[in-house]
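# Fold and contact review
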Amino acid sequence: MGELMKEVKNNNKFRKINLKDYGVIIGFIVLCTIISISTPAFLTQKNILNLLRQSSIIGIISAGMTFVIISGNFDISVGAVAALSGAISMKFLSMSYPLPIALICSIIAGAIIGAINGFFVAKINIPSLIATMGMVTIVRGIILFLTGGYPISQNIPAFSAIGNGYFMKLPIPIIIFFIIVIISYIALTKTKFGRHVYSVGGNPEASRLNGVNVDLCKIKVFIINGVLAALAGIVLAARLNTATPVAGEGYDMDAIASVVIGGTSVTGGEGSVLKTVIGVLFMSVINNSFNLLGVNIYFQYIFKGLIILSAVGFDAYSRKKLSSN
């Protein structure tokens, strides 16, 4: 009888988790339906492609943020890293360096910053929010040094194609985003490293006792996040043909919101990069619809904040209810 009751409880938990998972998708479909009725321009091919192109930059960053949050951490330096990456690319191109050199140096910069963040979090035990907050200030200072406080603009067709080009009628940024999502999904679900990320986020001490190098795992997820933030910065700079010192501001909150809305637990150990895509599209649809409806930007920020609080609150409530059962 006891075993039967235990199985019933497990099944109830399974159903609740499923409801939580599908709730994001259902909410996204309902939102799109309402907006398409109220704003006919929403479903036009031009608007949808524009929406997906806009989603790609935050989407690339959010893919990296998924790794970090699943591991039980946060990274609010991604917007600054994206801005630095764009500035490095433009700076090198303005100095007539070959495009591959400019891109590689930008990616390496993101990897180094990610490694430093990971080192402070894993080895020095600084909380990830504090460590990455300090990194934001450092990186923004480096950007001002590189740019002199002014935008750097270059119109180089090969570089511009990364942000504005098409391949088989699809915008290249969207293709890059989809490729990153596929690679991230495989890394998290089909590799030993992915299993370690979930394990470390769920219970770092138990993971350490089971032979997982917890510190190295944390450093790796921050490196991945830094590299993807740098890649997003390259796409952004290529799309605008300009790198500015203030680029990427607010991207960290958009990425965190997208990941959390997608169902990744803020306490770590649970999440999916595929559901992060839904979260990214959810946020992009809201931004796009607000722009189409002419809603003031200030109200957009308020609404985003409410969404983040609601998603985090729902996650905390769900976990509390499951643990009480």
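Higher on the page you've got the structure.
Residues numbered from 1 in each chain as written. Predicted model: local features only at pLDDT ≥ 70, side-chain atom pairs only at ≥ 80, totals over all residues. Heavy atoms only, no water.

## Some details on helix 2 (residues 45-70)
Put simply, the rule is: Each helix is a run of H or I in the DSSP string that is no shorter than four residues. Each strand is a run of E no shorter than two, and both are numbered from the N terminus. A helix's residues, less one, multiplied by 1.5 Å, set its expected span. Here the bend at a residue is taken as the angle between two axes, fitted respectively to the seven residues that end there and the seven that start there. For the exposure calls, accessible area comes from a 1.4 Å probe over protein chains only, and a residue counts as buried if that area is under 20% of its type's maximum, exposed if over 50%, partly exposed in between.
The terminal C-alpha atoms of helix 2 lie 35 Å apart, and with 26 residues this matches the ideal 38 Å at 1.5 Å per residue to within 8%. For helix 2, the principal kink sits at Ser56 and spans about 35°. Extensive coverage of helix 2 is indicated by the burial of 19 of its 26 residues. Backbone geometry just downstream of helix 2 places Gly72 in the positive-phi region, at approximately 90°.

## Details of empty space enclosed by the protein
Formally: Put simply, the grid is 1 Å and covers the protein atoms alone, a cavity is a trapped set of points that fit a 1.4 Å probe, a pocket is an open set with protein on both sides within 12 Å along at least five of seven lines, and lining residues have an atom within 4 Å of a point. Grid points are joined across faces, edges and corners, and a volume is the space filled by probe spheres set on the points. Note that Gly is not counted as nonpolar here; it falls among the polar residues with everything else outside the nonpolar set of Ala, Val, Leu, Ile, Met, Phe, Trp, Tyr, Cys and Pro and the charged set of Asp, Glu, Lys and Arg.
On inspection of all chains with the given rule, the structure shows 1 cavity of 30 Å³ or more. Put simply, the largest cavity is a space of about 40 Å³. For the largest cavity, the full set of lining residues is Ala82, Ala83, Gly86, Ala87, Gly233, Leu236, Ala237, Thr242, Ala243, Thr244 and Ala247. Listed by contribution, the elements that provide at least two residues to the lining of the largest cavity are helix 3 (78-94), helix 10 (214-240) and strand 4 (242-243). Top contributing element to the lining of the largest cavity by residue count: helix 3, with 4 residues. Broken down by class, the residue content of the lining of the largest cavity amounts to 7 nonpolar, 4 polar and no charged.

## Digging into the environment of Gly248
What counts is decided by this rule: Whether two residues are in contact is decided by their heavy atoms: any pair within 4.5 Å suffices.
As for its placement among the helices and strands, Gly248 is situated in the loop between strand 4 and helix 11 (251-261). The spatial distance from the C-alpha of Gly248 to the C-alpha of Ile58 is 9.5 Å, given a sequence separation of 190 residues. Ignoring any residue separated from it by four or fewer positions in sequence, one finds Gly248 in contact with Gly79, Arg140 and Leu236.

## A short note on unusual backbone geometry
Here the phi dihedral of Met168 falls at roughly 55°; this positive angle occurs in a residue that is not glycine. Inspection of the secondary structure puts Met168 in the loop between strand 2 (166-167) and strand 3 (170-171). Judged by relative accessible area, Met168 falls into the exposed class, the value being 70%. A positive phi angle, close to 70°, is found at Lys169, a residue other than glycine. The topology assignment puts Lys169 in the loop between strand 2 and strand 3. Judged by its relative accessible area of 76%, Lys169 is exposed.

Everything listed here is a matter of geometry and, on its own, says nothing about what the molecule does.
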